[in-house]
Amino acid sequence: MNKEQATAIPPAAVAPRPFLSPYLAGFGLGLALLLAYAILGAGLGASGGLARVAAWIEHAVLPRHVEACAYFGPWFEPGSPHVLRYYLVAMGIGIVLGAFFSARAAGRIRSQVERGPTASIRLRLLLTLLGGVVAGYASRLARGCTSGQALSGMALLLSGSAVFLVCVFAGGFAAAWFVRRQWS
């Protein structure tokens, strides 16, 4: 960064508080995972909570369709707990709120779209949406997202989670080839 760029940035954006040590953060995540298994008898994940929120929204619009669905239908059967009364829904809300307050306390909140120098904002948002849809569909197909499969599954040494993790890295490297020019 040259002197002209440094003077154009407000002082609050120049010196945000330092990031937490990745070793300490990893230890904290491992402790949270251990507590989840000890208290809830289940691991951590994100896609399960998002799937329930999406099913709840879709049920508000197309109730018969959702109730007839083999995947979502059991969540809406009479006598079942409310679809949003699920620990991963509460965890997802906690993650969003915790991330917001943590970023605010560290002085890292700003409105921007991260992108490479050759990508337009519209292209970046389109690729983000496309990637999110593919990742969301794949996480339900795999019966777990990267945190559920790789983090929680590998903590239990599940062979399916090990294969999933290898495929995530292979897929990431393969996909990076197609979008590499956007970041150079």
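Residues numbered from 1 in each chain as written. Predicted model: local features only at pLDDT ≥ 70, side-chain atom pairs only at ≥ 80, totals over all residues. Heavy atoms only, no water.

**Let's talk about helix α6 (residues 87–105)**
The α-helix winds at 3.6 residues per turn, so residues separated by three or four positions along the chain end up facing the same way.
Here's step 1: Across its 19 residues, α6 extends 26 Å between first and last C-alpha, which sits within 8% of the 27 Å expected from 1.5 Å per residue.
Here's step 2: Residue Gly 107 follows α6 closely and has a positive phi angle near 70 degrees. (Helix = DSSP H or I, 4+ residues; strand = E, 2+ residues; numbered from the N terminus. Expected span 1.5 Å × (residues − 1).)

**Side note on the confidence of the model for the protein chain**
Here's step 1: Averaged over all residues, the pLDDT of the protein chain equals 86, while 91% of them reach at least 70.
Here's step 2: Put simply, helix α1 (residues 3–8) is where the protein chain has its lowest mean pLDDT, 47, and helix α5 (residues 63–68) is where it has its highest, 95.
Here's step 3: Overall, residues 2–9 carries pLDDT values under 50, and its contacts beyond four positions in sequence, including any with other chains, amount to four contacts. (pLDDT = per-residue confidence, 0-100. Contact = heavy atoms within 4.5 Å.)

**Some remarks on unusual backbone geometry**
What you tend to see is this: most non-glycine residues have negative phi, and most peptide bonds are trans.
Here's step 1: Its identity is not glycine, yet Leu 157 carries a phi of approximately 55 degrees, on the positive side.
Here's step 2: By the secondary structure assignment, Leu 157 is in the loop between α8 (146–155) and α9 (159–179).
Here's step 3: When its relative accessible area of 73% is taken as the criterion, Leu 157 is described as exposed. (Buried < 20%, exposed > 50% of the residue type's maximum accessible area, 1.4 Å probe, protein only.)

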